[in-house]
Each structure stands twice: as C-alpha cells, then as structure tokens.
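Coordinate inspection notes
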Amino acid sequence: MFMRRAIELARQGWGLTHPNPMVGAVIVEEGTIVAEGFHAQDGGQHAERVALAALGRNPRKEAVMYVTLEPCSTVGRTGACTDAIREAGIRRVVVGATDPDPRHRGRGFEVLRQAGAEVITGVLEADCADLNLLFNHWTAQKLPLLAAKAAVTLDGRMACRTGDSQWITGEEARGDVHRWRRLFPAIAVGAGTVRQDNPRLTSRLPGQAEWCPWRFVFDGQLRTVVDGNLPGLYTDEFRARTIVVTTPHGGEGYMRKLRDLGMQVWVLPSPHQRVSFADFRRRCAEAGITGVYFEGGPQLVSLLAQERALDYFFCYSAPILLADDKAKPMLSGLRTERLAQALRLAEVRHESFGDNLLTRGRTVFPEKLHVDETTFSFG
C-alpha cells in the first residue's frame, strides 16, 4: 500500500524529469504516512530529500522510508540521497526498483546497510521499473527509446481500404495517447501522415495547458514542402519545435525554405530517399532526446520493425472487425514463416479504456529477422 502511494507520487513528475527518472517517496511512522515527496523536475530535489523536508523534524526511531527507486549514492547537483537518509537516522528503507546504471547499481543499498539500516528491495519492482521506461533504456544504452503506437481493429487493421481510420478507438483511448505524448520528449510521423491528416502532435490533457514536444517529420523527399500547401506543423506557434528529418535527396531549396520558417532540418546521409533509423537514433542521442514516440502510419512503423529499431510497442485495439484483405494492416514487410521467427513483446502490460484495450511491451526480435525486400520502401 505504501509503495503504491509512492508510485502515485512519482507519476506527478510525468514528462518533467528527463533525463532523470520519476521517483516517489513516503515516510511511514506507526503504520501512517507522515511525509511525502517526489522528484518534480530535472535539477530539482530528489524525492527522498523532499519527503524528509516535508516531515520538518527528525523521524521517529521506528520510521520507514518507502522509495520507488534505489536512492542515489553519488554526489550530483543535489547531493547523495543515501547521505540524507543516513543523517536523518532512518533505519529501515523499502525500495522498489534497482538503479539501472551499472556504475551505481546496488551501491545505494550497500551504503545504507553499512550505515546500519535495514534495506528491503524488490517491492512492486516491475511497477516501479515501468515508471521509467525512457530513463532505464537511456541509462543502459545511452540511446533514446524508440516506441511506436498503433490503433487497430481486432483483425489487425489500421484503416479501411479507402484509408478511412477516424476513429478506430474511442475517446478514452485517444486521451491515453495524449498522456503518453506528454511523457515522451519527442513525437514522430511520416510525410504521408502529415499530408493526409495534418496532425498537431501536441499533448492536450484536461486541466493542463497544451504542451508541445519535439515534433519529427520523416520526409526523405521533402514531399511535405513540394506542393506549397504547408501543413500546420510548419506554420503554427510551435513550429520552432518541429524538426524535418530528410536525406541529401530532399533538395537544398526546400530545406532552406523550412529553415527560413524557423524549423530545424536534420539531413542524414543516405544512398536513397529513406532515412536510416540508426543514424536518426544517434542524432537524437547527440541532442539529448531520450525517447521518441512514433505515431506514423503502417509504413513508418513497419520500417522501424524491419530495421530492428523498434524498442517498445503500444497497441490499442477496438472491438471492430473489417474482414477485408485490402484493408491496411498494422505491420507488414516481414517474412514470418514460423512462429519462432515472430516479433514478440516482453514485460507486457494491459489496460482497458472503455471498450478498447491497450497492450504494450518491450519488443523482442528473433535471432534472424526475415525482411520481404519487395515491401521495403519509404516515402
């Protein structure tokens, strides 16, 4: 119960702590929470120190601290939390997830134990680790998490044969997409989605101001500029947060036009008109972007899978059946002749939104991925 409250507190830092993790902490005395804290923003006080400050006095002898992530044991901008816990005299610490950084993993536990504290680990560990999908990936690989979402029918279709797709899922599920948009530092779509849907790609949640992440448009040929009818992403009040990702084949004149409008253009090397996701991932790492949420159509998401660049997948399904082999599938381009060759999800989570179901998890690729080269194209 106390760890679940710490998780609730941690979520109050949703989307505000990058590149640091979300962390929540509570102090319990005689079975009652007497102080709470969470990490509110990058550079701010850590959850443990916030909770201790909120207590406003020395903890009682039997006080217990519950914290969702292993307390830091190194001196950074705010000082080591293990020092704060030790100096406060807390003798029992209950922790959810272990620090994923191999340089620090387990060190905080050892420091506290050497100071005479009892340390209990692994309480709701999976839930606590799930709080920090982006931080965990960034810490382990020093690269951003590339995630994609799809809204599909029960038979795995994203749109009718005519392209009609609004709306497969209901309002509650679409609201959850906006919540994830608020978590990820960046959202990405392809040129086809921009031309067809003219999306805004901002997070619009009830009671909160509209928030705009970095907005990536994958357009190897700069088709979104050619016809002169520029999409809203290129002209709205957030256009300075729009980055068009293209290749040298896009044309200098179009690139100059985009830059003149106040946007960034990332020109990534490519022998063809398709952007390499490996190059894109490295460029994001250089820019300090810890995660990208792909909302593109089936072509862009399929290419992520074909290049083994898809780290995490969100699938919202609705109780609808199109039963049409010409309807647009969610994913394509792989030659999966046996189940052992299938792409799978691990650490799976399920959540219901009205009649819709979200299934999400970390992607696990087979040892050999068979790509159907006839479908490997990019617009």
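In this report, we go over the structure that sits alongside the text. Computed from a predicted model, the values in this text were never measured in an experiment. Going along each chain's sequence as written, the residues are numbered from 1 onward. The predicted origin of the model limits local features to residues at a pLDDT of at least 70 and limits the giving and counting of side-chain atom pairs to 80 or more, whereas totals for whole chains, interfaces and linings rest on all residues. Neither water nor hydrogens contribute to the side-chain values; these are computed over all heavy atoms in the structure.

Before going further, it helps to examine the packing of helix α2 (residues 47–55) against helix α3 (residues 81–88). Fitted lines through C-alpha atoms give the axes, limited to the stretch in contact for helices. The angle between two N-to-C directions lies from 0 to 180 degrees. What counts as a helix is a DSSP run of H or I of at least four residues, what counts as a strand is a run of E of at least two, and both are numbered from the N terminus. Orientation of α2 relative to α3, taken along the N-to-C sense of each, is 30 degrees, at an axis distance of 9 Å. By the angle between their directions, the pair α2 and α3 is classed as roughly parallel. Between α2 and α3 lies a crossing whose hand is left-handed. Facing α2, whose interface residues are E48, R49 and L52, α3 presents C81, A84, I85 and A88. Each residue is assigned to one of three groups, with Ala, Val, Leu, Ile, Met, Phe, Trp, Tyr, Cys and Pro labelled nonpolar, Asp, Glu, Lys and Arg labelled charged, and all others, Gly among them, labelled polar. Broken down by class, the residue content of the contact of α2 with α3 amounts to five nonpolar, no polar and two charged. In this scheme, roughly parallel covers angles under 35 degrees and roughly antiparallel covers those over 145, while 65 to 115 is roughly perpendicular and the rest are oblique. Each crossing is labelled by how the near helix is turned from the far one, with a counterclockwise turn of less than a right angle marking it left-handed and a clockwise turn marking it right-handed. Residues are treated as being in contact if the distance between any of their heavy atoms lies within 4.5 Å.

Turning to the pattern of salt bridges, a few remarks are in order. Within this document, salt bridges are pairs made up of a side-chain nitrogen of Lys or Arg and a carboxyl oxygen of Asp or Glu, the two lying within 4 Å of each other. Throughout the structure, instances matching the rule amount to 22 salt bridges. A salt bridge links E307 to R274, with the nearest nitrogen and oxygen atoms 4.0 Å apart. Taken together, the residues E307 in the loop between α12 (298–306) and β13 (312–318) and R274 in the loop between β11 (264–267) and α11 (277–287) connect sequence positions 33 residues apart. Remark: exposure states derive from per-residue accessible area (1.4 Å probe, protein chains only) relative to the maximum for the residue type, with buried under 20%, exposed over 50%, and partly exposed in between. According to the relative accessible area criterion, E307 is partly exposed, its value standing at 26%. On the accessibility criterion, R274 (17% relative accessible area) is buried. The closest approach of N and O atoms between E347 and R362, which form a salt bridge, is 3.1 Å. One end of the pair, E347, is in strand β15 (residues 344–353); the other, R362, is in strand β16 (residues 356–364), and 15 residues separate them in sequence. Take E347: its relative accessible area is 55%, and that puts it in the exposed class. One network of salt bridges, with partners in common, ties together R200, E210, R215, D236 and E237.

Ordered in space as β11-β10-β9-β8-β12-β6-β13-β16-β15, the nine strands form an open sheet in which the pairing is mixed. Two strands bound the open sheet, and with one partner strand each, they are β11 and β15. Across the sheet, the mean angle separating the axes of adjacent strands is 20 degrees when strand polarity is ignored. As defined by bridge partners, strand β6 (residues 145–153) adjoins β13 across seven bridges and the pair is classed as parallel. By the bridge assignment, A147 is partnered in β13 with Y312. Docked against the sheet, helix α10 (residues 252–260) engages β10 (242–246) and β11, running at close to 145 degrees with respect to β11. In this scheme, strands are said to pair when DSSP sees at least two bridges between them.

With that settled, the discussion passes to the sheet that holds strand β5 (residues 118–120). Pairing is mixed in the open sheet, where five strands are placed in the order β2-β1-β3-β4-β5. Strand pairing shows two members of the sheet lacking a second neighbour, β2 (32–38) and β5, which therefore form its edges. For this sheet, the mean angle separating the axes of adjacent strands, direction not counted, is 20 degrees. Contacts from helix α1 (residues 2–10) reach β1 (24–29), β2, β3 (64–69) and β4 (92–97), with the element oriented near 145 degrees to β1.

Note on ring pairs: Phe, Tyr and Trp rings are taken, using the six-membered ring of Trp, and paired if centres are within 6.5 Å. Classes follow the plane angle, with under 30 degrees stacked, over 60 edge-to-face and the rest tilted. As enumerated under the stated definition, the model contains 16 aromatic pairs in all. Note on W14 and W180: the rings are 5.2 Å apart at their centroids and 65 degrees apart in plane angle, and the pair reads as edge-to-face. Here the residue W14 occupies a position in the loop between α1 and β1, and W180 occupies one in helix α7 (residues 171–183), the gap between them amounting to 166 residues. Neither residue differs from the other here; W14 and W180 are each classed as buried. Here the aromatic rings of Y312 and F314 are separated by 5.2 Å at their centres, their planes lie at 55 degrees, and the arrangement is tilted. On the basis of relative accessible area, F314 is assigned to the buried category, the value being 0%. Taken together through their ring pairs, the aromatic side chains of W14, W180, F184, Y293, Y312 and F314 make up a single cluster. Its end group placed over the ring of W180, R179 keeps NZ or CZ at 5.1 Å from the ring centre. Only lysine NZ and arginine CZ atoms are considered, and such an atom sits over a ring when it is within 6 Å of the ring centre and within 35 degrees of the ring normal.

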